[in-house]
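Architecture at a glance
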Amino acid sequence: MPDLSVTLAGLELKNPVLPASGALETLDTPLRGGDFSQLGALVNKTVTRDRRDGNPPPRVWETAAGMLNSVGIPSIGIDEFVKSRLPRLRAQNDRIIVSIAGFSVREFVELAETVAATGLADYIELNLSCPNLESGVLWSTDAGLLAEVVGRVRRAVKVPLIAKLSPNVTDIAEMAAVAESAGADALGLVNTFRGLAIDVRVKKPALGNATGGLSGPAVKPLALFAVWSAFRRVRIPLIGMGGISSWRDAVEFILAGATAVAVGMFNFVEPGCMWEIRDGIDRYLAENGLSGVKDIIGLAHRTE
Ligand SMILES: Cc1cc2nc3c(=O)[nH]c(=O)nc-3n(C[C@H](O)[C@H](O)[C@H](O)COP(=O)(O)O)c2cc1C
């Protein structure tokens, strides 16, 4: 039997398959698919300090082989999250990643401190695809802002930090290196790609917020390249995501350098897909005579 476990920033995950933040939408929706204790970890939809309604509808729009969304981080607020949702997440898996987003450095630090103080988070994931309120620039699209926010949170808490980066930059490997130098323990690659759809019936942008983020199979080669190029640049582990819909996709990400893989949009198409992906990785390893996932991380980079 192949060993599916992987080590992510010093902690062991029983297998490398995780939901991407936002994939389970809300814990008020009964979780569908399978046994959530059998995933590598669980990840909440990003939580913010204050309650937020998110963007105006429509919030999702189907595209060829993908989906545009402009959900806009609706949130119950951190106090309610740590009181009611986090304990429920924790009860379902022994590894929990808490995704947070702040609109200022101070907010990020406060959120991280609040989450760390619960003792219920194994990792804190910084969703760095939201804007810094002072400039309106996304945290992970500006090297200076990225270094500042990761560095300040790093100094404030001991919980392992995952910096989740936006792909909407010229050189994602450069941003990966900035996050690593600032103290990130792992990277989440990637968030959605900025895009637009126009509804020709009303002759206006289809989404309530005009632009949105593209995810799903359409972005897979782009996301895979991001993981590939970051793997060549940094030493910290990578969580690969973007368009994963099958075990083959997941194996491609692992071969490109991902230690773990996260599935977002495809959960809405096929609620059982994360367990099928886990089983498919298992079969692939067995059929190829490989002893475990750890043996194939980054293997596609070999030169011989
Ligand atoms: C409906 C929806 C909601 C999302 N919400 C979040 C979120 O709250 N925080 C976050 O970091 N990423 C969020 N994402 C991005 C995903 O976590 C993931 O990075 C991206 O969608 C690429 O993976 P995919 O192609 O498998 O969906 C969301 C994606 C979708 C489709």
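In this report, the structure presented in the accompanying data block is examined. Within each chain, residues carry numbers counting from 1 in the order of the written sequence. Where totals are concerned, whole chains, interfaces and linings use all residues; where local detail is concerned, this predicted model gives features only for residues with pLDDT of at least 70, and gives and counts side-chain atom pairs only at 80 or more. In computing side-chain properties, one takes all heavy atoms of the structure into account and sets aside hydrogens as well as water.

1. A few points about the site of the ligand
Selection criterion: We define proximity as follows: a residue is near a molecule or strand when any one of its heavy atoms falls within 4 Å of that partner. Whenever a nitrogen or oxygen atom comes within 3.5 Å of another N or O atom, the pair is scored as a polar contact, on the condition that within protein one atom can donate a hydrogen and the other can accept it, and that pairs from neighbouring residues in sequence are kept only if both atoms are in side chains. Exposure was quantified through the Shrake-Rupley algorithm and a 1.4 Å probe, taking into account, for residues, occlusion by the shown protein chains and nothing else. Residues are grouped as follows: nonpolar covers Ala, Val, Leu, Ile, Met, Phe, Trp, Tyr, Cys and Pro; charged covers Asp, Glu, Lys and Arg; every other residue, Gly included, is treated as polar.
The immediate surroundings of the ligand are formed by 20 residues, with Ser21, Thr46, Lys164, Gly243 and Met265 found nearest. Ser21 is positioned with one of its backbone polar atoms (N or O) 2.7 Å from an oxygen atom of the ligand. When the free accessible area of the ligand is taken as 610 Å², the share hidden by the protein chains comes to 96%. Grouping the constituent residues of the shell around the ligand by class yields six nonpolar, twelve polar and two charged.

2. Observations regarding empty space enclosed by the protein
In plain terms, the rule: Put simply, the grid is 1 Å and covers the protein atoms alone, a cavity is a trapped set of points that fit a 1.4 Å probe, a pocket is an open set with protein on both sides within 12 Å along at least five of seven lines, and lining residues have an atom within 4 Å of a point. Grid points are joined across faces, edges and corners, and a volume is the space filled by probe spheres set on the points. Numbering of helices and strands starts at the N terminus; helices are DSSP runs of H or I of at least 4 residues and strands are runs of E of at least 2.
Applying the stated criterion across every chain, the model contains one cavity of 30 Å³ or more. The calculated volume of the largest cavity comes to roughly 50 Å³. Along the walls of the largest cavity sit Leu18, Pro19, Ala20, Ser21, Val43, Ile97, Glu125, Lys164, Ile239, Met241 and Ala262, which together make up its complete lining. Contributions of two or more residues to the lining of the largest cavity are made by β3 (17-19) and β15 (238-241). Split by residue class, the lining of the largest cavity holds eight nonpolar, one polar and two charged.

3. Details of the sheet that holds strand β9 (residues 161-165)
Using the following cut-off: Between any two strands, pairing holds if DSSP finds at least two bridges. Contacts between residues were defined by any pair of non-hydrogen atoms, one from each residue, lying within 4.5 Å. Axis definition: a line fitted to C-alpha atoms, limited for helices to the stretch in contact. Angles are taken between N-to-C directions and run from 0 to 180 degrees.
In spatial order, the strands read β3-β16-β15-β10-β9-β8-β7-β4; together these eight strands make up an open sheet with parallel pairing. Strands at the two margins of the open sheet, each flanked by one partner only, are β3 and β4 (42-43). Both strand β10 (residues 186-189) and β15 contribute to a ladder of three bridges, which runs parallel. Opposite Leu189, over in β15, you have Gly240 as the bridge partner. Running over the sheet, helix α4 (residues 172-181) touches β9 and β10 and is turned about 155° from β9.

4. Some details on the nonpolar core
Stated precisely, the cut-off is as follows: Only buried Ala, Val, Leu, Ile, Met, Phe, Trp, Tyr and Cys residues count toward a nonpolar core, and they belong to the same one when joined by side-chain atoms within 4.5 Å. In this scheme, a residue with accessible area under 20% of its type's maximum is buried, one over 50% is exposed, and one in between is partly exposed, where area comes from a 1.4 Å probe on protein chains only.
Formed by 97 residues in total, the largest nonpolar core has its most connected members in Ile100, Leu128, Leu165, Leu187 and Ile281. The element contributing the most residues to this core is helix α8 (residues 273-287), with seven residues. Other than its neighbours up to four places away in sequence, Ile100 contacts Thr46, Val47, Phe108, Leu111, Ala112, Val115, Ile124, Glu125, Leu126 and Asn127.

5. A look at the packing of helix α1 (residues 78-90) against helix α2 (residues 105-118)
The following threshold applies: Relative orientations are named as follows: roughly parallel for angles under 35 degrees, roughly antiparallel for angles over 145 degrees, roughly perpendicular for angles from 65 to 115 degrees, and oblique for any other angle. In this scheme the handedness of a crossing depends on how the near helix is turned from the far one: anticlockwise by less than a right angle means left-handed, clockwise means right-handed.
In the contact formed by α1 and α2, the axes pass within 10 Å of each other and the chain directions differ by 25°. Relative to α2, α1 is oriented roughly parallel. Between α1 and α2 lies a crossing of right-handed hand. Residue-level contacts link Ile78, Val82 and Leu86 of α1 to Leu111, Thr114, Val115 and Thr118 of α2. Tallied by class, residues from the contact of α1 with α2 come to five nonpolar, two polar and no charged.

6. A short note on the packing of α2 against helix α3 (residues 143-156)
Where α2 contacts α3, the axes come no closer than 9 Å and their chain directions differ by 35°. Two packed elements cross with a definite hand, and for α2 against α3 that hand is right-handed. Together, Val105, Phe108, Val109, Ala112 and Glu113 of α2 and Glu148, Val149, Arg152, Val153 and Ala156 of α3 make up the contact between the two elements. Residues of the contact of α2 with α3, tallied by class, amount to seven nonpolar, no polar and three charged.

7. Focus: the pairing of strand β16 (residues 258-263)
What counts here: Orienting the strands away from the viewer, one traces the path from the first strand over the helix to the second; a clockwise path indicates a right-handed crossover.
Burial of β16 is extensive: six of the six residues sit out of reach of the surface. Pairing of β15 with β16 involves four bridges; the strand directions are parallel. Across the sheet, the residue bridging to Leu238 is Ala258, located in β16. Note on the crossover from β15 through helix α6 (residues 247-256) to β16: the handedness is right-handed.

8. Observations regarding α8
Selection rule: Any helix carries an expected span of 1.5 Å times its number of residues minus one.
Here α8 spans 21 Å end to end across 15 residues, near enough to the 21 Å set by a 1.5 Å rise per residue. As for α8, its buried residues are in contact with β3, α6, β16 and α7 (266-269). With its phi angle positive at about 65°, Gly289 sits one or two positions after the end of α8.

9. Concerning the pattern of salt bridges
When the charged atoms of two side chains lie near each other, side chains of opposite charge can form a pair. We apply this condition: Each salt bridge in this description consists of a side-chain nitrogen of Lys or Arg and a carboxyl oxygen of Asp or Glu lying within 4 Å of one another.
In the structure shown here, the tally under the stated rule is 15 salt bridges. For Lys14, the salt bridge is made with Asp94, and the minimal N-O distance between the two is 3.2 Å. Of the two residues, Lys14 is situated in the loop between β2 (11-13) and β3 and Asp94 in the loop between α1 and β7 (96-100); the sequence distance between them amounts to 80 residues. The class of Asp94 is partly exposed, set by a relative accessible area of 47%.

The values reported here are purely geometric and, on their own, carry no functional implication.
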